[in-house]
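Summary of structural features
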Amino acid sequence: MAWNTNLRWRLPLTCLLLQVAMVVLFGVFMRYDTDADVSWWREKAHRNITTDLENEFYYRYPSFQDVHVMVFMGFGFLMTFLQRYGFGGVGFNFLLAAFGIQWALLMQGWFHHLDPKGRYILLGIESLINADFCVASVCVAFGAVLGKVSPIQLLVMTLFQVTLFTVNEYILLDILEVKDAGGSMTIHTFGAYFGLTVTWILYRRNLEHSKQKQSSVYHSDLFAMIGTLFLWMYWPSFNSAISSHGDAQHRAAINTYCSLAASVLTSVALSSALNKKGKLDMVHIQNATLAGGVGVGTTAEMMLTPYGALIVGFFCGFISTLGFVFLTPFLESRLRIQDTCGIHNLHGIPGVLGGIAGAVTVVFADPDMYGPAGFSKKVRESRIQGKFQIYGLLLSLAMALVGGIMVGLILRLLFWGQPADENCFEDEVYWEVPEENRASHDPEDSTLKPPALLIPSGTPAFSQVLVA
Amino acid sequence: MAWNTNLRWRLPLTCLLLQVAMVVLFGVFMRYDTDADVSWWREKAHRNITTDLENEFYYRYPSFQDVHVMVFMGFGFLMTFLQRYGFGGVGFNFLLAAFGIQWALLMQGWFHHLDPKGRYILLGIESLINADFCVASVCVAFGAVLGKVSPIQLLVMTLFQVTLFTVNEYILLDILEVKDAGGSMTIHTFGAYFGLTVTWILYRRNLEHSKQKQSSVYHSDLFAMIGTLFLWMYWPSFNSAISSHGDAQHRAAINTYCSLAASVLTSVALSSALNKKGKLDMVHIQNATLAGGVGVGTTAEMMLTPYGALIVGFFCGFISTLGFVFLTPFLESRLRIQDTCGIHNLHGIPGVLGGIAGAVTVVFADPDMYGPAGFSKKVRESRIQGKFQIYGLLLSLAMALVGGIMVGLILRLLFWGQPADENCFEDEVYWEVPEENRASHDPEDSTLKPPALLIPSGTPAFSQVLVA
Amino acid sequence: MAWNTNLRWRLPLTCLLLQVAMVVLFGVFMRYDTDADVSWWREKAHRNITTDLENEFYYRYPSFQDVHVMVFMGFGFLMTFLQRYGFGGVGFNFLLAAFGIQWALLMQGWFHHLDPKGRYILLGIESLINADFCVASVCVAFGAVLGKVSPIQLLVMTLFQVTLFTVNEYILLDILEVKDAGGSMTIHTFGAYFGLTVTWILYRRNLEHSKQKQSSVYHSDLFAMIGTLFLWMYWPSFNSAISSHGDAQHRAAINTYCSLAASVLTSVALSSALNKKGKLDMVHIQNATLAGGVGVGTTAEMMLTPYGALIVGFFCGFISTLGFVFLTPFLESRLRIQDTCGIHNLHGIPGVLGGIAGAVTVVFADPDMYGPAGFSKKVRESRIQGKFQIYGLLLSLAMALVGGIMVGLILRLLFWGQPADENCFEDEVYWEVPEENRASHDPEDSTLKPPALLIPSGTPAFSQVLVA
């Protein structure tokens, strides 16, 4: 083995250092938002509110919980079982997300939730949603490098990606004043191309050896559906979570619901049409059915109209399935981009499509219709706002590429404890795997292909144990 | 194989045709409801509301999400693993539900959510709940035919059943003015008897050959519990989702909670009492424990009293367990009704009981107590309302039988790509099953019963792979 | 076998008797709360409220549903798969929780929700949350005895524990006026030490024989993560569910979110540092990551500050992981406490820490800051309130010990149908296990260790079937 993967001191030190840093930074900079502070009774008196329901908590909390489920459960399970790579999928997703939300609370708060005097970051329910959003983008990128990196590398990547995400989002939403409620550009496009760039830099020449551990397996595919369904069911909450109260939030949920429904049918159609015997491929059903949610991210809160939402979902499901069949093999063989979970098809292309759909929708919008609350903060003509939407999309791509190259180069350093090529997608490298499975490690077993589904060789990747 | 199960052109064309039709129909007929339209600020001014919380979205959205989870996750997992039939369970439930909600938005909207001029269907959060309700009824029927039909047949069945459901519901709720908040009659009774009639028409003489693939398996039963628990936990949201704001919705959740708790204990009691060694049967625990939710559907929002709810749950759990032990074998051997998931016991009988419970509760209700908001839209005497409740129940049964026969006959046509009797409950017919499992297809394997739990024969139905 | 485990008459009679008793008691004592009663329209008029949103239902229902998911899904799955003991984990958790909530509605209502005349218990959404809280405490204790008791024993334990819980909680919250929003003391400390005392009394000398069925298994660990993630994601709802409306509830959710995030990083750090090769142990990730939620239970709604929450989570994750490595083996070998799921590390120690954290936070609190609504019902000095917090903690421990001894002695009686030592952790004792698995019962199989992961012996505990 070329590199030392024993993390005994490095991982604990990294975790503790990061956690202590968080405690100190929180201590110095973080206070409760007025809505979460005991001084809320003064605020109520001051704003002349008679009911506690006007506390932001009641507007946002149910949506927040759904977003939380998507980030921790949806991504964890979809990605784990897609790859038959168990602890490393669920466990590392858990680790990076738990660190990521803390760092995101600081970074996002710094840009968006400072108190009037600029001394403290104010922590409220909206900060929690924003932190989860930010981490969703890291989870997307995680899908590209899954199984090929150490937990320390993941923590480093999270640190940088959260920072870059926040800067990018700040420029888009606050400087360019771009609309992107569900994050087609800021979350999905940025996350996907960042992850793809990192995995391109981290290209592994001899990954074919561990290829077999990575391909799709019957029952593992079934459990990935737990993740898919969570993402699919709660996506309307995701896209509407930070929309303005009232009609915008209501509309965002409806549009996402419609778009997601449409992409299920087109995914099924394409999956069957592209198979010689007309059979469906579970990988398409797990992924492309979600493309409608990504694609409608920017437009969800706009007056897209219900059939507009269906059209967006239609094309996203279509193109995402095509991507799995034609683009992923091409990316891997020609461009040397080893995209473990196929995030380019689920987040990359649909994210870009979503950004373009946003620009088009904005160009045809009637600013008057939006009433006194307005169409965007600055009163702009539709055509100009459309241009800015495209600038936002291009900037997200640029940030992802430049940032991805930088972070990729940092992650290529040799002391992060990364696994050798032949140990990728193996849980035994970083996890204490229970004894029963180690039995399968007996060298004699590897010759035992018959009678039926015995473990062919090597390591107890999740599915192999089950199939054994 | 008698029929051609290669769906390469038929399935894609069906899906795309349906999806394009949805886009066109949505484009022509569907607009946002005022609460989801940018004109909401005008509506607020007009209705003199100062807070966005009065937007229907905040009253309904959390419940809607729970219903959504039940339809897509609960039904998917309960039914899949009950049958050890993986992709075809979760995957096809996903497909039919995704198409069904779109068609239901149109059909339901046509009857319930037209704008004042009757030109457009108005789409709001309540429409989404109604669409999910409607599809729940299709999911119930799906449980009867699961594993024996092609995805095209499922789409056709969904098309017709959603239509019939809407007509039936319209007659019950709007013409007869029957109360049925949680859908004991409209969803469960109608869905179950519709599905049973369809499977009766589609009777398969030689199903015993694939019987062994269908019976209960240890760990598969465990995963079915994921579905059972989702249904059980979110049923209070289901029964209360469209109840009137305030006390009615509150009461509906409480009654359902109580009824469900009671049916757990009686299911356990009966399951143990009917077994020679007093052992529990997992199939009863998965199903009969939910019967209380079905049975309290009509009465949930009424002044049933908490102990009334317990009594309803008590009897439903009781009778549902009896049904699994005595009725299902009888239905199959004598009446030739091959009820794959035993929906007659979970939705059929408890649904009818629920309808009767509703009539009885109404007869003993005191209309004065309900205050100015009233007891039913038309002011009726309790006794007369009770009669109408029974008419509603009978009509639901009649619609299910007549509709089921019609749809069953349509589905018997030979070009839908249905599987041969010996291929029922096999995923390989319609799904690209990963290679590892195809190994098990080796004809020599079928002779290998020992050493332990190797795959006995034929196809890699989910559980067999695991058990292998 | 020493004892008769055939429950054919005993289990059904117990269940039916309990359920009938519930119906009668509900009939005599239970009525709807005003918010859930048709008289709500009078209440609205009387309290001069114009909107139904002021109905307690809308404040509490989303949180309640999350708590519900934790109790029925989180505990069920975490404990089941931790132990590779399937039906008995999920199924018995379901049974005891379904009975427990009914009995808790009565007991809790008796102490907390009587109508002004003291004749009836009023049932509303808050009662449902309290009942679920109470049952959570039973689920914790269940984790200590899991796999070693019969379902009848569990029902008896539930009956007594719910009663003792209610008395303890009443003394703490209403007499001592202790603050304990998320139940560090009332739920976790009490539940854990009660369960540990019971399992200490029920000490089984020859449990090593069934030891192998109990240890951790690769894929089973993965599914336990479903439970872990549900608990982790919904814990903010748990700790904030019954806090005062507005800022307190808002703050409770935020503090719990922060604390949980911190305990993930410290658990990972310690888990790696304590392993010779620096590998992570899945059992720590499943459990210690949740310790932050337990530890912040008392302080969640206080002005703990965000970094205070991080510090609490930091230490809880730390100590909980240490407990798994050093304390559990010691407890078992020296103190004869056979703690099946390691609840001492997840609920016991972090619960005590949480109680102490609460006392400390209170001592440093500024009562003036809390405004007219006040800091505690009685206006006390901070130092005195701190003392009372410690009294509450000590009382909870005392109640757990005394109650646990009493209930343990009752459960040692010989007619409860408990399993023999060598049949512990086996589902076949109480469940009709499907045929395929019974094949594994063939005595000849037990000699078949090779070729790979065949079932080594005895019974089809969940994981063994999968591994087979």
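Treat the numbers as computed from the prediction; the structure is a model and nothing was measured. (Residues numbered from 1 in each chain as written. Chains lettered and ligands numbered in written order. Predicted model: local features only at pLDDT ≥ 70, side-chain atom pairs only at ≥ 80, totals over all residues. Heavy atoms only, no water.)

**Quick notes on the overall build of chain A**
- Helix and strand counts for chain A stand at 16 helices and two strands.
- When each of the 468 residues of chain A is scored for burial, the buried share is 71%.
- In the form shown here, chain A has an accessible surface area of approximately 14,200 Å², with 64% of it arising from carbon and sulfur atoms. (Helix = DSSP H or I, 4+ residues; strand = E, 2+ residues; numbered from the N terminus. Buried < 20%, exposed > 50% of the residue type's maximum accessible area, 1.4 Å probe, protein only. Areas by Shrake-Rupley, 256 points an atom, 1.4 Å probe, with all protein chains shown as cover.)

**A word on the relation of the copies chain A and chain C**
- Relative to chain C, chain A is turned by 120 degrees and slid 0.0 Å along the rotation axis, the superposed coordinates differing by an RMSD of 0.0 Å. Seen this way, the second copy is the image of the first under a three-fold rotation axis.
- Comparing contact sets, just 10% of the residues at the interface of chain A also lie at the interface in chain C, consistent with a heterologous contact between different surfaces. (Least-squares fit on C-alpha atoms with pLDDT ≥ 70 in both. Contact = heavy atoms within 4.5 Å.)

**Things to note about the packing of helix H5 (residues 125–145) of chain B against helix H6 (residues 151–175) of chain B**
Residues and elements named next belong to chain B.
- At a minimum axis distance of 9 Å, the contact between H5 and H6 shows a crossing angle of 130 degrees. Relative to H6, the element H5 is oriented oblique. Judged by the sense of rotation from one axis to the other, the crossing of H5 with H6 is right-handed. Contacts from Phe 133, Cys 134, Ser 137, Val 138, Ala 141, Phe 142 and Val 145 of H5 reach H6 at Leu 154, Met 157, Thr 158, Gln 161, Val 162, Phe 165 and Thr 166.
- Grouping the amino acids of the contact of H5 with H6 by side-chain chemistry returns 10 nonpolar, four polar and no charged. (Axes fitted to C-alpha atoms, helices over the stretch in contact; angles between N-to-C directions. Parallel < 35°, antiparallel > 145°, perpendicular 65-115°, else oblique. Left-handed = near helix turned anticlockwise from the far one by under 90°. Nonpolar A, V, L, I, M, F, W, Y, C, P; charged D, E, K, R; others polar.)

**Considering the interface of chain A and chain B**
- Across the contact, 75 residues belong to chain A and 82 residues belong to chain B.
- Between chain A and chain B lies a buried interface of about 6,900 Å² when both sides are counted; carbon and sulfur atoms form 74% of it.
- Counting across the interface, chain A meets chain B through zero salt bridges.
- At the junction of chain A with chain B, the criterion picks out 21 residue pairs in polar contact (both at pLDDT 80 or more). (Buried area = accessible area lost by both parts, 1.4 Å probe. Salt bridge = Lys/Arg side-chain N within 4 Å of Asp/Glu carboxyl O. Polar contact = N/O pair within 3.5 Å; in protein donor to acceptor, adjacent residues only side chain to side chain.)

**Brief notes about empty space enclosed by the protein**
- As enumerated under the stated definition, the model contains 13 cavities of 30 Å³ or more in all.
- Of the pockets and cavities examined, the largest cavity occupies roughly 290 Å³.
- Lining the largest cavity are 23 residues, with Tyr58(A), Pro62(A), Tyr58(B), Pro62(B) and Pro62(C) positioned closest to its centre.
- Class assignment for the residues of the lining of the largest cavity results in 18 nonpolar, five polar and no charged.
- For the second largest cavity, the calculated volume is near 150 Å³.
- Looking at the lining of the second largest cavity, the elements that each hand over two or more residues are helix H3 (56–82) of chain A, helix H3 (56–82) of chain B together with helix H3 (56–82) of chain C. (1 Å grid on protein atoms, 1.4 Å probe; cavity = no way out; pocket = protein on both sides within 12 Å on 5 of 7 lines; lining within 4 Å. Points joined across faces, edges and corners; volume = space filled by probe spheres on them.)

**Quick notes on the relation of the copies chain A and chain B**
- Mapping chain A onto chain B leaves a residual RMSD of 0.0 Å; the transformation is a rotation of 120 degrees accompanied by 0.0 Å of translation along its axis.
- Little of the interface of chain A is mirrored in chain B: 11% of its interface residues are interface residues there too.

**Structural notes on the nonpolar core**
- Ranked by internal contacts, the top residues of the largest apolar core, which has 408 residues, are Phe230(A), Phe230(B) and Phe230(C).
- Setting aside residues no more than four positions away along its own chain, Phe230(C) makes contact with Met73(A), Phe230(A), Phe230(B), Val69(C), Met70(C), Met73(C) and Gly74(C).
- Membership of the second largest hydrophobic core comes to five residues, among which are Leu172(C), Val178(C), Met185(C) and Leu393(C). (Core = buried A, V, L, I, M, F, W, Y, C linked by side-chain atoms within 4.5 Å.)

**Some words on the interface of chain A and chain C**
- Taken together, the contact pairs 82 residues of chain A with 75 residues of chain C.
- Roughly 6,900 Å² is buried in total at the junction of chain A and chain C, and carbon and sulfur atoms are behind 74% of that figure.
- Looking only at chain A, the three residues that lose the most surface to chain C are Tyr32(A), Val38(A) and Phe94(A), adding up to 11% of its buried area.
- Across the contact surface, chain A and chain C share zero salt bridges.
- Linking chain A with chain C are 21 residue pairs in polar contact (both at pLDDT 80 or more), by the criterion used here.
- The biggest single contributor to the side of chain A that touches chain C is H3(A), with 12 residues.

**Digging into the environment of Phe26(B)**
- Structurally, Phe26(B) can be placed in helix H1 (residues 10–29).
- Along the backbone, Phe26(B) and Val360(B) are 334 residues apart, and their C-alpha atoms lie at a distance of 41 Å.
- Every residue in contact with Phe26(B), bar those within four places of it in the chain, is listed here: Cys258(A), Pro306(A), Tyr307(A), Leu310(A), Arg31(B), Gln102(B), Leu105(B) and Leu106(B).

**Quick word on the pattern of salt bridges**
- Counted by the stated rule, this structure contains 18 salt bridges over all chains.
- When the shortest N-O distance is used, the salt bridge between Asp421(B) and Arg204(B) registers 2.7 Å. With Asp421(B) in the loop between helix H14 (382–411) and helix H15 (435–439) and Arg204(B) in the loop between helix H7 (184–201) and helix H8 (218–240), this residue pair connects regions lying 217 residues apart in the sequence.
- Classification of Asp421(B) as buried rests on a relative accessible area of 12%.
- The salt bridge partner of Arg251(C) is Asp247(C), with a shortest N-O separation of 2.8 Å. Taken together, the positions of Arg251(C) and Asp247(C), both in helix H9 (residues 247–273) and four residues apart, correspond to about one turn of that helix.
- On the basis of relative accessibility, which here comes to 2%, the residue Arg251(C) falls in the buried class.

**A few points about the environment of Leu290(B)**
Residue and element names in this part refer to chain B.
- Counting through the fold element by element, Leu 290 comes out in the loop between helix H10 (282–287) and helix H11 (291–295).
- Exposure remark for Leu 290: the relative accessible area of 0% places this residue in the buried category.
- With 57 residues separating them in the primary sequence, Leu 290 and Met 233 have C-alpha atoms 9.7 Å apart.
- If we skip the residues at most four places from it in the chain, Leu 290 touches Leu 78, Thr 228, Leu 231, Trp 232, Trp 235, Leu 260 and Leu 346.

**A short note on helix H4 (residues 86–112) of chain A**
- With 27 residues, H4(A) should reach 39 Å at 1.5 Å per residue; the first-to-last C-alpha distance of 36 Å fits that figure.
- Of all the bends in H4(A), the greatest, near 25 degrees, is centred on Ala104(A). (Expected span 1.5 Å × (residues − 1). Bend = angle between axes of the 7 residues up to and from the residue.)

**Side note on the confidence of the model for chain A**
Residue and element names in this part refer to chain A.
- In this model, chain A carries a mean pLDDT of 85, and residues with pLDDT of at least 70 account for 86%.
- Overall, residues 437–468 carries pLDDT values under 50, and its contacts beyond four positions in sequence, including any with other chains, amount to 92 contacts.
- The complex prediction reports pTM at 0.90, with the ipTM value standing at 0.89. (pLDDT = per-residue confidence, 0-100.)

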